[in-house]
Every structure is written in C-alpha cells, then in structure tokens.
Amino acid sequence: MTLWGGRFDASMDETLWNLSESYSFDRALYRHDIIGSKAHIEGLHKSGLLTGSELGVLTEALDTVAGEFANGTFERRSSDEDIHMAIERRVTEIAGSVGGKLHTGRSRNDQVATTLRLFTRDALTDAAETVLALVQSLRDLADNHPASYLPGYTHLQRAQPVLLSHHLQAHCFALLRDIDRAMDARHRLLISPLGAGAVAGSSLPLDPHYTATQLGFRRAFANSMDATSDRDFVAEALFVFAMMGVHFSRLGEELVLWTTSEFGFASLDDRFTTGSSMLPQKKNSDVAELARGKTGRLVGNLTGLLTMLKGLPLAYNRDLQEDKEPLFDSLRTVTLVGRALAAAYGSLTIHSDTMARAADDELLVAIDIAEELVANGHPFREAHETVGSLVGQAVREGVTLESLVREHPTLKQYAGLFAPGESLARRRSPGASGPSAYRVQGYQLAGDVDAAERRVRGE
Ligand code: ARG
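Note that the structure is a prediction, hence the values are computed from the model and not measured.

About the thresholds
- Counting starts from 1 at the beginning of each chain's written sequence and moves along it residue by residue.
- For a predicted model such as this one, the threshold for reporting local features is a pLDDT of at least 70, and the threshold for listing and counting side-chain atom pairs is 80 or more; totals across whole chains, interfaces and linings nevertheless cover every residue.
- Note that the side-chain values use all heavy atoms of the structure and ignore hydrogens as well as water.
- Both site types are read off a 1 Å grid over the protein atoms alone. A 1.4 Å probe that fits but cannot get out defines a cavity, while an open set with protein on both sides within 12 Å along at least five of seven lines defines a pocket; lining residues have an atom within 4 Å of a point.
- Grid points are joined across faces, edges and corners, and a volume is the space filled by probe spheres set on the points.
- A run of H or I in DSSP becomes a helix once it reaches four residues, and a run of E becomes a strand once it reaches two; helices and strands are each numbered from the N terminus.
- For this analysis, a salt bridge means a side-chain nitrogen from Lys or Arg found within 4 Å of a carboxyl oxygen belonging to Asp or Glu.
- Relative accessibility under 20% of the residue-type maximum defines a buried residue, over 50% an exposed one, and the middle range a partly exposed one, all with a 1.4 Å probe and only protein chains included.
- Each patch is assembled from residues with relative accessible area greater than 30% and no salt bridge, linking like charges that lie within 9 Å and nonpolar side chains (Val, Leu, Ile, Met, Phe, Trp, Tyr) that lie within 5 Å.
- The accessible surface values rely on the Shrake-Rupley method and a 1.4 Å probe; as for residues, cover is taken only from the protein chains in view.
- In this analysis an axis means a line fitted to C-alpha atoms, helices contributing only their contacting stretch, and an angle means the value between N-to-C directions, from 0 to 180 degrees.
- Roughly parallel here means an angle under 35 degrees, roughly antiparallel means over 145, roughly perpendicular means 65 to 115, and every remaining angle is called oblique.
- In a left-handed crossing the near helix is turned counterclockwise from the far helix by less than a right angle, and in a right-handed crossing that turn is clockwise.
- When checking whether two residues touch, look at their non-hydrogen atoms; a contact exists if any pair is within 4.5 Å.
- Residues are grouped as follows: nonpolar covers Ala, Val, Leu, Ile, Met, Phe, Trp, Tyr, Cys and Pro; charged covers Asp, Glu, Lys and Arg; every other residue, Gly included, is treated as polar.
- We define a polar contact as two N or O atoms separated by no more than 3.5 Å, with the added condition that, inside protein, one atom must be a possible hydrogen donor and the other a possible acceptor, whereas residues neighbouring each other in sequence contribute only through side-chain atom pairs.

Turning our eyes to something else, we now look at the layout of surface pockets. Computed from the structure, the largest pocket encloses a volume of approximately 460 Å³. If you go around the largest pocket, you meet 18 residues; those closest to its centre are H167, A170, H171, R250 and E254. Mapped by element, the contributors of at least two residues to the lining of the largest pocket are β1 (149–154), α7 (164–188) and α10 (232–258). At seven residues, the largest contribution of residues to the lining of the largest pocket is made by α10.

Another point: the pattern of salt bridges. Inspection of every chain in the model, using the stated rule, returns 33 salt bridges. The salt bridge partner of R89 is E93, with a shortest N-O separation of 2.9 Å. Linking R89 with E93, this pair stays in helix α5 (residues 83–95), spanning four residues, or about one helical turn. Residue classification places E93 among the partly exposed positions, given a relative accessible area of 36%.

On to a nonpolar patch on the surface, then. Together, V199, M225 and L314 give the surface a local cluster of nonpolar side chains, amounting to about 260 Å² of exposed area. Assignment of secondary structure puts M225 in helix α9 (residues 224–229). Given a relative accessible area of 34%, M225 falls into the partly exposed group.

Relative placement of two packed helices is described by the angle separating their axes and the distance separating the axes. Across the interface, helix α4 (residues 52–70) lies against α5 with an axial gap of 9 Å and an inter-helix angle of 120°. Viewed along their axes, α4 and α5 adopt a mutual orientation that is oblique. Crossing of α4 over α5 shows right-handed handedness. Across from V57, L58, A61, L62, T64, V65, E68 and F69 in α4, the residues of α5 making contact are I83, I87, R90, V91, I94 and A95. A per-class count over the contact of α4 with α5 returns 11 nonpolar, one polar and two charged.

This paragraph deals with the side chain of T125. Tracing the chain through its elements places T125 in helix α6 (residues 108–144). What makes T125 buried here is its relative accessible area of 14%. There is a polar contact of 3.0 Å between the side chain of T125 and the backbone oxygen of R121. Those residues within four positions of T125 in sequence are excluded, and the remaining contacts are M183, R186 and V456.

Below you can see the structure in the form of structure tokens.
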C-alpha cells in the first residue's frame, strides 16, 4: 500500500510501478530531503501546527532515518515509491501516529523541488571545487616550466611562439569562467519552493519565508505554480557541467595531440596510460580520450532535460521526475573527469626541447620582420607584402627565410630576429605570450583564483 492509497481500489500494475518508482535513483537525495523536512516541521511548529514535543519526536525520527541511510541500514519496503515516501513511511514507523503530521501543508511537489534545489546547490559547489583543483594542477605545471615555450597554433598550423605557462593559463581562465557560472547558478537557485504545496499553496498558516531562511535560501517563492514546476536551475546546472565538459574535452584533445610521436611535446606517466592487448609498443593516452569522450553525455544530459521540459503545461507533471538522473550523472561525470585530469597534469613530463624546436621554426619570425618594418614607419600592408613574398621565394627555392633576409639589401639589419627565443621575448603587448607580459597575467590569474575560491566558500 502506498501512502496515497486511500482513493484507489486496485494497486498499481507492475509495469507502471517499474516505470514510476524512482527510489532506485533518488535515494541519493536522502540527506537533502531530510534537511528540507526538518525546516518544514520547524515551520509547522512556529505556525502552531505542531507542539514542541511533536516537533521533538519528528526531529529525532528524521535524525534516526538519516543515520540509517548514512550507515547503510535503511531498509526499503517494496511499497516505497520514491525517497520522500520511504522517509515518511520510516519516520511514521519510528514516531508512531505523530509521523502522520510530517506531511502537513506539504506536497511532494514542493518537497521535491526544495530537495533538488538543496542538492543542486551542493552539486555546483562540489563541481566548482573539482575545477579549482584542476586549475591548481595546470598552474603548478606552468610554474614548474617557467621558460618552456611552444608554437601557438591557429587552424592547428604553427602561428607564433608562446610560453607554455601562457598556454596553460589560457585553459585556467576558461575554467575560472566555469566556476563563475556555477556560482551564478548557485546564487540564482537559492529561492525556496517550500510552502507552495501541490500547485496553489495551502489554507494552513504556513510561513514560507521562515523556512526559506532556515534552509539558507535567499528568499521564498513568490508564485506557487512557478515554484513547483520550475526546473530552470537544473538546466542551468547541466549547462554549467556541459561547459566544464567542453573545456575538459579540449584539454583532453590537446593532451592526445601532445603525447603523439608526431608532436612529442609531452608524456603522460604510465599510471595514466594503457597498453594495447595486441600491439606491444602501444602507450595510449586514455585519460585524455575519456575526458574528451565523456563530454558527449554531459551535452546529452542537458539536451535531454531541455527536451523534457519544453512541452510541459503548468504546473507539476510527472515528467519532471526525469530531472534527476541527468543531474546525478553529470555531477558524477564532471567529478570523475576533473579529478583524473588534475592528476594526469600532475604526472605530465614536458619535453621542452621538442616544443622549443617547433616554436623556433624560422617562418614564425616573418611577423617580427614585418612589425620591425612598421616600427620604422612602413605601412603594415606593405610590410606584410614584402615579407610574404620573401617567404614565398624561400619555400619555392627550398632555401631558408633567414638566408634571404641576410642577403636582402634593406632587411638584412633584421637578421638578429632569427635567434632562438627572440620572437617569444618580443611578444610583450598586454596579455601577450612573452615573459614580460606573462608576469602581469600571472598576477591577474592569482587574483582571479583567489576571488573564485572565496566565492565557492560562500564568502
Ligand atoms: N518522485 C517525484 C519526482 O521526483 C516526486 C513528486 C511526485 N509528485 C506526484 N504528484 N506524483 O518528481
């Protein structure tokens, strides 16, 4: 018998039960559901709907149930449809008839919305902390290789030299935006739906503002229909997780490239690679490939949720139960991938010589010659043309650009630009990839990380 069985003559068909039950996955919400219930009964007490001793009995029963879940002794009954029903059923077993007062003035519709907001608040915090750890790992790698440099690529073609630390910090700034978005979403979801009931509130003297404060929300809902049917906060969290996944995936793709024999820029520690069941020589960068591959489900979870939401009339519809599994899966995925990537970067060996050889490709000096011409008063387009035709000649004749510059009547004064590392040192405009600009960027990043840490901690 379910807790709502009063109206029904026949029990649910097994096929519907299997479709409908959500305990198998929403038991993950037990802690947040109990936090919500405790605030609810405190509100009932404040409104005179529970005596002090009834409040005490219910609080103790809820604590007992929380303990049973925590130590793995909670036993599901076959009639427990979801986590909310399971907890209420068990509270009533423990507390006796006063257990029947737990659900006073409440529906599972405002209950589940409250529980899920509490869960999502913590999920966003956890994901942000995972990303912060990854940022730290990237910064450590940068700090350990202050002088390493490699080509910056556009179109995956060598373009200009960049410090390795500049390159790694580019990823850090993207990841910090993810943290910022997570914290924006966390702030926005702090509206309590508790007291909205099934759809239209209650005739009982509830105080949603009091329970909102108890739960650490910013305020209570303004509209009971919006409160019970709004899952924008789940969509936002799934977007935040998908965006993190996109950044993880780009890091993963880059690691795959860097660890190929063709690039040879880095090696992963054996602990982060796998061999081949057939080919003895293989060392595969699986951690990076999985970081890339797992992102598909993060994007899929967001797409699935938005598709589920788009056709729903106001207010609560059972479809909304489908909000949970994607949320749980995305949180789990982001945590798994983020932690593995942070550890993998911690294990990375950088091959600075190979990077430098690629970045000292003499053709990358072409822009420096053109910019020297500009500094000496030539229009940029003219300088571009002059150097471009020299590059063309070098490629056609199979000679070096440097040799042509050295023999050139007006350009030979710029031959010093071909010295290894020279082009990098000249990238000094604000935000540029050379050492002097990098110092400023490093301070900026340190300040941003500090601000992100404080925000995640709720300061
Ligand atoms: N398990 C349900 C969910 O996750 C709880 C709400 C059920 N409400 C209802 N009227 N059947 O959405």
